[in-house]
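# Architecture at a glance
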Amino acid sequence: MQTRIETLQNGLGEAVELIKKGEVVVFPTETVYGLGANAFDPNAVRKIFAAKGRPADNPLIVHIADISWIDRLAVDVSRSAREVIKTFMPGPITVILKRSNLVPDEVTAGLDSVGIRFPIHKAAREFISACGVPLAAPSANTSTKISPTSAEHVFEDMQGKVKLILQGGDCEVGIESTIIDMTSDTPTILRPGAITVDMLAQVLGKVKTFDGRIVVAKAPGMKYRHYAPSCDMVVADSQESAAAEYAGKVADGKKPVILAKQDYIDGIRKLLGKFDFIDLGQSDNDAMRLIYKAMHEAQQSFDYIICQDFGGDGVGASIMNRINKASGGKRV
Ligand code: TXA
Ligand code: MG
């Protein structure tokens, strides 16, 4: 199968046709690129699992472009869930609700809940609207690989496995949506993201946070290793330990690279002089947008990744969630 990247303008008609025929199409969102299929077509949904090599017990998120779909896809939507929906949708959040009979088992992996997401990305909304049905879509990477934040990332990873990738440029948010489970008594964050714990707590009064260790895997995806680059990666406790690790790896004949924000890089320059790094910008929001892109670049040109620690607050905690998984928790 030949894989093509098309702009929305040139590719929209064909993309909609493919969805109607029960095929998969890759589309951009503000978080990461998604691999979409008609959520009501079980055969089409199975093609997503096949293309990704994804375990069948890991449910998919359903993407909508019109809020009125929520009451068709979900039942028993609580007042607090409606509050979250009103405040944060469209945007980088997925809300887990009790599913209606319209949603096939293939999408939810047999669970009685469904994850619903209404992206704010313009091309995503235009595409979903034009399809006329909600789209089931995971991130558009093969299982265990880094999530794609550009059409080119998808091409590299999924070439030959999908026909069409809609071009939407670099994703503005850069990590996957926050997932909040609104089916439990206390709303629970299953995956942190750009909509932070504090933002949700403000709306809900009380949320249970995702602490990095899942004892009962409510989001089955959490038990699989995710977001992993093809080379080793570690998180550094401090600039000193990052510099020492870097020097040690060079001495071992490796080709390491440091991923960090600008002030951190400046600090390391004082310790190492010349060294290879990938700049994650100035703020935690910059770093969130750039982290997957940096990991993609790093695994192409280097063989060992040393990443700074982003601490435990705000979007920093959400970035840490991804890099802890990518590094398998290894620290230096
Ligand atoms: O930003 C995003 O959410 C992106 C873009 C494409 O929208 N999508 C995405 O999908 O990250 P995926 O499949 O890579 O991650 C979805 C996660 C998985 O860990 C899955 O287990 C969990 O959401 N999930 C989906 N439905 C669920 C449900 N009903 N209950 C609990 N977890 C669910
Ligand atoms: Mg994913």
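Refer to the preceding data block for the structure.
In this report, the structure presented in the accompanying data block is examined. The written sequence of each chain sets the order in which its residues are numbered from 1. Chain letters and ligand numbers both follow the written order, the letters beginning at A and the numbers at 1. Where totals are concerned, whole chains, interfaces and linings use all residues; where local detail is concerned, this predicted model gives features only for residues with pLDDT of at least 70, and gives and counts side-chain atom pairs only at 80 or more. Note: side-chain values were computed over all heavy atoms of the structure, leaving out hydrogens and water.

## Here's the deal with the site of ligand 1
One heavy atom within 4 Å of a molecule or strand makes the whole residue count as near it. Close to ligand 1 lie 29 residues, the nearest being Thr31, Asn58, His63, Arg117 and Ser177. A distance of 2.6 Å separates an oxygen atom of ligand 1 from a polar side-chain atom of histidine 63. The protein chains shown are the only cover counted for residues, whose accessible areas, like all others here, come from Shrake-Rupley with a 1.4 Å probe. The fraction of the free accessible surface of ligand 1 (680 Å²) that becomes covered by protein chains is 98%. By definition, any uninterrupted DSSP run of H or I lasting at least four residues is a helix, any uninterrupted run of E lasting at least two residues is a strand, and each is numbered from the N terminus. Taken together, the elements giving at least two residues each to the shell around ligand 1 come down to strand S4 (61-63), strand S6 (93-99), strand S7 (113-117) and strand S11 (188-191). When residues in the shell around ligand 1 are grouped by element, the largest group, 4 residues, is from S7. The classification used treats Ala, Val, Leu, Ile, Met, Phe, Trp, Tyr, Cys and Pro as nonpolar, Asp, Glu, Lys and Arg as charged, and all other residues, Gly among them, as polar. Split into classes, the residues belonging to the shell around ligand 1 amount to 14 nonpolar, 10 polar and 5 charged. By the criterion applied in these results, polar contacts are pairs of N or O atoms within 3.5 Å in which, for protein atoms, one can donate a hydrogen and the other can accept it, and in which residues neighboring in sequence qualify only through two side-chain atoms.

## So, the environment of lysine 161
Within the secondary structure, lysine 161 sits in the loop between helix H7 (151-158) and strand S9 (164-167). Buried means the residue's accessible area, taken with a 1.4 Å probe over protein chains only, is under 20% of the maximum for its type, while exposed means over 50%, and partly exposed covers the values in between. Overall, lysine 161 belongs to the partly exposed group, its relative accessible area being 40%. When the C-alpha atoms of lysine 161 and threonine 3 are compared, they prove to be 7.4 Å apart, with 158 residues separating the residues in sequence. Pairs of residues are marked as contacts when any of their non-hydrogen atoms sit within 4.5 Å. Sequence-distant contacts of lysine 161, defined by excluding residues within four places in its chain, comprise Met1, Thr3, Ala51 and Thr142.

## Side note on the packing of helix H11 (residues 284-301) against helix H12 (residues 314-326)
Each axis is a line fitted through C-alpha atoms, and for a helix only the stretch in contact is used; angles between axes span 0 to 180 degrees, taken between their N-to-C directions. Here H11 crosses H12 at 20 degrees, and the two axes come no closer than 9 Å. As far as their axial angle goes, H12 and H11 are roughly parallel. Viewed along their axes, H11 and H12 form a crossing whose handedness is left-handed. Side by side, H11 and H12 meet where Asp284, Asn285, Ala287, Met288, Ile291, Tyr292 and Met295 of the first sit next to Val315, Gly316, Ile319, Arg322, Ile323 and Ala326 of the second. Here the residues of the contact of H11 with H12 sort into 9 nonpolar, 2 polar and 2 charged. Note that the term roughly parallel is reserved for angles under 35 degrees, roughly antiparallel for angles over 145, roughly perpendicular for angles of 65 to 115, and oblique for everything else. It is the rotation of the near helix from the far one that decides the hand of a crossing: anticlockwise by less than a right angle makes it left-handed, clockwise makes it right-handed.

## Remarks on the packing of aromatic side chains
What characterises a pair of aromatic rings is the spacing of the ring centres plus the angle enclosed by the ring planes. Geometry of aromatic contacts follows a simple scheme: Phe, Tyr and Trp rings, the Trp one being its six-membered ring, pair when their centres are within 6.5 Å, and the pair is stacked under 30 degrees between planes, edge-to-face over 60, tilted otherwise. Here the structure, examined in full by the defined rule, presents 4 aromatic pairs. Where phenylalanine 27 meets phenylalanine 127, the ring centres are 5.6 Å apart and the plane angle is 50 degrees; that geometry is what we call tilted. Taken together, the residues phenylalanine 27 in strand S2 (residues 25-27) and phenylalanine 127 in helix H6 (residues 122-131) connect sequence positions 100 residues apart. Residue class for phenylalanine 27 comes out buried when judged on its relative accessible area of 0%. Its relative accessible area of 0% is what places phenylalanine 127 among the buried residues. Arranged with centres 6.0 Å apart and planes meeting at 85 degrees, the rings of tyrosine 246 and phenylalanine 275 form a pair that is edge-to-face. Of this pair, tyrosine 246 sits in helix H9 (residues 239-251) while phenylalanine 275 sits in the loop between helix H10 (262-272) and strand S14 (277-279), and the two are 29 residues apart along the sequence. By relative accessible area, phenylalanine 275 is classed as buried at 9%. In textbook terms, an aromatic cluster arises when at least three aromatic residues are bridged by ring pairs, as seen for Tyr246, Phe275 and Phe277. Across the ring face of tryptophan 69, the terminal group of arginine 72 is positioned such that the distance to the ring centre comes to 3.9 Å. Distance and angle both matter: a charge sits over a ring if NZ of Lys or CZ of Arg is within 6 Å of the ring centre and within 35 degrees of the ring normal. A cation over a ring is seen here: lysine 249 above tyrosine 304, with NZ or CZ 4.5 Å from the ring centre.

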